[in-house]
Structure formats: C-alpha cells, structure tokens
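Fold and geometry: a report
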Amino acid sequence: MTVYVLRRLTAGLVLAVLVTMITFLLLSTSFDDVASSVLGGGATPKQIAAQKALMGLNRPLFTQYLDWLSHAVRGDLGASYFTSEPVRSAITARLGVTLSIVVVALLATSVISVALGVAAAARGGGVDRFAQGAAMIGYLVPSLLVAIALVYVLAVKLHLFPATGYTDLTESPTRWASSIAIPVAALMMGGVASLTSQIRGAMIGELRKDYVRTLRTRGIPTRSIVLRHALRNAAGPALTVLSLEFIQMLGGALIIEQIFALPGFGQYAFNASLQGDVPIIMGISLFGVLLVVVVNLVVDLLNGWLNPKARMAS
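Residues numbered from 1 in each chain as written. Predicted model: local features only at pLDDT ≥ 70, side-chain atom pairs only at ≥ 80, totals over all residues. Heavy atoms only, no water.

For the protein, an unreviewed UniProt entry supplies the name ABC transporter permease and the organism Streptomyces coacervatus. What the UniProt record of the protein gives under Subcellular location (unreviewed entry) is the line "Cell membrane". Word for word, the UniProt comment on the protein under Sequence similarities (unreviewed entry) is "Belongs to the binding-protein-dependent transport system permease family." (UniProt positions renumbered as here; feature names shortened; annotations may be inferred.)

Dropping the structure here:
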C-alpha cells in the first residue's frame, strides 16, 4: 500500500507540473495585455516593453516557467501584479471559504444520496419512483436557476437566510451556517441526482447477487444485509462518483461565489482571470490540481479499505 501511495503521489506531482506548464503557456499570449493593464490604458509600446522587462515577462518562456516552478517547490508562489499581495497567503485565506461550502455540500450530498439510493433499491415502489423523480429534477434544473429561486424564496420573501455575504465559522457558527445554507443547497443539486442514481443502481445489482440470497436463508435481518453487506460492496463506484462531484463542485463554486458575493477561491480566480494576474492564476492552478490529487488518493484508499481485493491488487 505504501508503494501504491507513493506511486500515486508521484503521478499527481507530474500532473501538477503538466497542468501548470500548459496554463503558463496559454497565459503567455497575453503578457502584453498584462503589462498594459498594470501601466494603464494610455501606455505606449515602449513603456509596455519596459514594464514587461521589469516584470520578467520578456525572458524565454521555459526559463520563466522553471523560475516559477523552482520558487513554487519552496512554497513561494510570488505576488499579485496588481496588489502585491503574496499569492500563497491570499489563496489559503480564501480557500477555507470555498472548502467550507464544497465540503458541507459534499457531506450533505452523500447523506441524502445514500438515504435515497438505498431506500429506493431496498423498498422499490413509491420510494423508488420518488428517488428517480428527485434525481431527474436534479439533472434537468440548472444550479444557477436553483440558486436564484432559493435566494428569492428563502432570503427575499421569507428572510430565513442572508442573500449574500459570508461569516467565518470562528466568528459565529450560527451565522456561518446561515451564510452558506443557500450556496450549499444550490451546489449540491446535481451531485444528489448523479450519486443517488449511482447508489440505487449499484444497490439493486448487489441485492440480486447470490451472497444476498445466502445471507437471507441464514436468517440475517434484511437491515443488516442491506447496510452491512450490500452497501459496503456498492460503495466503491459511489465513491468514484463522489470524487468527480468534488471536482465539479470546485468548478461550480466559481459561479456560486460570484452570485452570493462570497470571498472564496472561485471569486478570487474569476477576478484574477479578468485582470490576467499571472502569479495568482498559476497559484490557483497548482492548488486546484493538488486538491484533486489528494481527493482522488483518499477515494482510492477508501476503496481499498472497502474492497480487500482492490487493496491486494495495489
């Protein structure tokens, strides 16, 4: 298992290098625009060229990337071109906001999806039709529309939650929960739909297998068969879907944070991309890839714990 973890971490680091390299090459086409933005709209070509030289953007691209990479390995991601704020501290300060939304949405998605999927597979009938209908609505209704509807009903009409803004958990847990309630609900709609369908299908397949019939003939209670045996075997594919949902939720946070004025990772990335702030975009790309690598590794380890055969194969 240790060798497997080291192999996956090495592959993750290679992926991080490739993603950041491609990102840097794509950004290099806008270096003139970046220098012009720093100077202002009235800058002359000569002034722009001088600013590029001052920022180090006139050097060979490969040299620039290696310079950035060598600093990134040491934890130095540079500073914003426009605010001079250190990128690493700026991202870590905002990452907590995004992760609080995404993690809560992921946990809520897991609980609701498992409950709906297991109930639909085990009971069938009306429960199954309800679960499939709820999943269909989640597939068809865009998260943006859900967000707008929730704001209108829960914030504007009923005044149950704030429409915008964010309160830190350490400042007030109650206000923190209130400030993320609507964004979390909007973010998890699609996840509940896909994960419920996955769990339902996997559970139906497990409940039809021979080992379930054997357990029933031995007098094992149905509840124990469903929760201790079938659900454990069906959890592997669901965990894979959950890891994909985490990635999708990180992307969805970009839109959600804009709508609800949340000072998170997504909003910071959006503003940096509008300005062409290269150090910030590079730092965000690196953090994003590392998050995905860590989540996928955790999912693989959980799969190994749930499935001894997968653990032995690794």
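UniProt records the feature "domain: ABC transmembrane type-1" (unreviewed entry) for residues 95-303 in the present numbering. Counted over residues 95-303, helix gives 85% and strand 0%. Its end C-alpha atoms are 27 Å apart. (Helix = DSSP H or I, 4+ residues; strand = E, 2+ residues; numbered from the N terminus.)

So, on to the packing of aromatic side chains. Enumeration over the complete set of coordinates arrives at 2 aromatic pairs. With a centroid separation of 6.2 Å and an interplanar angle of 55°, the aromatic rings of Phe24 and Tyr65 are classed as tilted. Note that Phe24 is positioned in helix H1 (residues 2-27) and Tyr65 in helix H4 (residues 61-73), a separation of 41 residues in sequence. Under the relative-accessibility criterion, Phe24 is labelled buried at 5%. You can call Tyr65 buried: its relative accessible area is 3%. The side chain of Arg94 reaches across the aromatic face of Tyr268, ending 4.1 Å from its centre. (Phe/Tyr/Trp six-rings, centres within 6.5 Å; stacked < 30°, edge-to-face > 60°. Buried < 20%, exposed > 50% of the residue type's maximum accessible area, 1.4 Å probe, protein only. Lys NZ or Arg CZ within 6 Å of the ring centre and 35° of its normal.)

It is worth spelling out the pattern of salt bridges at this point. In total, this model carries 6 salt bridges according to the counting rule given. Its salt-bridge partner being Glu85, residue Arg94 comes within 3.7 Å of it at the nearest N-O pair. The partly exposed category is assigned to Glu85, whose relative accessible area is 28%. The salt bridge involving Glu206 is made with Lys209; its shortest N-O contact spans 3.0 Å. (Salt bridge = Lys/Arg side-chain N within 4 Å of Asp/Glu carboxyl O.)

The subject of this paragraph is the UniProt feature "transmembrane region" (unreviewed entry) in the protein. Here, UniProt's "transmembrane region" (unreviewed entry) annotation points to residues 12-31, 97-122, 134-156, 176-195, 238-260 and 280-302. Structurally, residues 12-31 comprises 85% helix and 0% strand, and the distance from its first C-alpha atom to its last is 28 Å. The distance from the first to the last C-alpha atom of residues 280-302 is 33 Å, and the span holds 100% helix and 0% strand.

The interhelical angle for the contact between helix H5 (residues 87-123) and helix H9 (residues 189-207), taken along N-to-C directions, is 40°, at an axis separation of 8 Å. Pair H5 / H9 crosses with right-handed handedness. From H5, Thr109, Ser110, Ile112, Ser113, Val114, Leu116, Gly117, Val118, Ala120, Ala121 and Ala122 reach across to H9, where they touch Gly191, Val192, Leu195, Thr196, Ile199, Arg200, Met203, Ile204 and Leu207. Of the residues assigned to the contact of H5 with H9, the class counts are 13 nonpolar, 6 polar and 1 charged. (Axes fitted to C-alpha atoms, helices over the stretch in contact; angles between N-to-C directions. Left-handed = near helix turned anticlockwise from the far one by under 90°. Contact = heavy atoms within 4.5 Å. Nonpolar A, V, L, I, M, F, W, Y, C, P; charged D, E, K, R; others polar.)

The contact between H1 and H4 brings their axes to 11 Å, and the two run at 135°. In terms of their interaxial angle, H1 and H4 are classed as oblique. Classified by chirality, the crossing of H4 by H1 is right-handed. Contacts between H1 and H4 pair Val17, Thr20, Met21, Phe24 and Leu25 from the former with Leu61, Gln64, Tyr65 and Trp68 from the latter. (Parallel < 35°, antiparallel > 145°, perpendicular 65-115°, else oblique.)

A few words on the confidence of the model for the protein. Looking at the protein, the pLDDT average stands at 85 and 96% of residues meet or exceed 70. Per-element mean pLDDT across the protein ranges from 50 in helix H14 (residues 308-313) up to 92 in H4. (pLDDT = per-residue confidence, 0-100.)

With that out of the way, let us pick up the environment of Gly133. Locating Gly133 in the fold gives a position in helix H6 (residues 125-140). By relative accessible area, which is 29% here, Gly133 ends up partly exposed. Remark: the alpha-carbon pair of Gly133 and Ile180, spanning 47 residues in sequence, is separated by 26 Å.

The end-to-end C-alpha distance of helix H7 (residues 143-157), which contains 15 residues, comes to 20 Å, matching closely the 21 Å that a straight helix rising 1.5 Å per residue would cover. At Val151, H7 shows its largest bend, some 25°. Considering only its buried residues, H7 is in contact with helix H8 (173-187), H9 and helix H11 (222-259). Of the residues flanking the end of H7, it is His159, one or two places downstream, whose phi is positive at about 55°. (Expected span 1.5 Å × (residues − 1). Bend = angle between axes of the 7 residues up to and from the residue.)

A separate point is H6. Here H6 contains 16 residues, and its C-alpha end-to-end distance of 23 Å stays within 8% of the 22 Å for a straight helix at 1.5 Å per residue. Those residues of H6 lying buried are Asp128, Ala131, Ala135 and Gly138. Seen from one end, H6 has its buried residues packed into an arc of 90°, which puts them on one side. For H6, exposure combined with an orientation more than 90 degrees from the buried face picks out Arg129, Phe130, Ile137 and Leu140. Buried positions along H6 lie against H5 and H9. (Arc of directions from axis to C-beta.)

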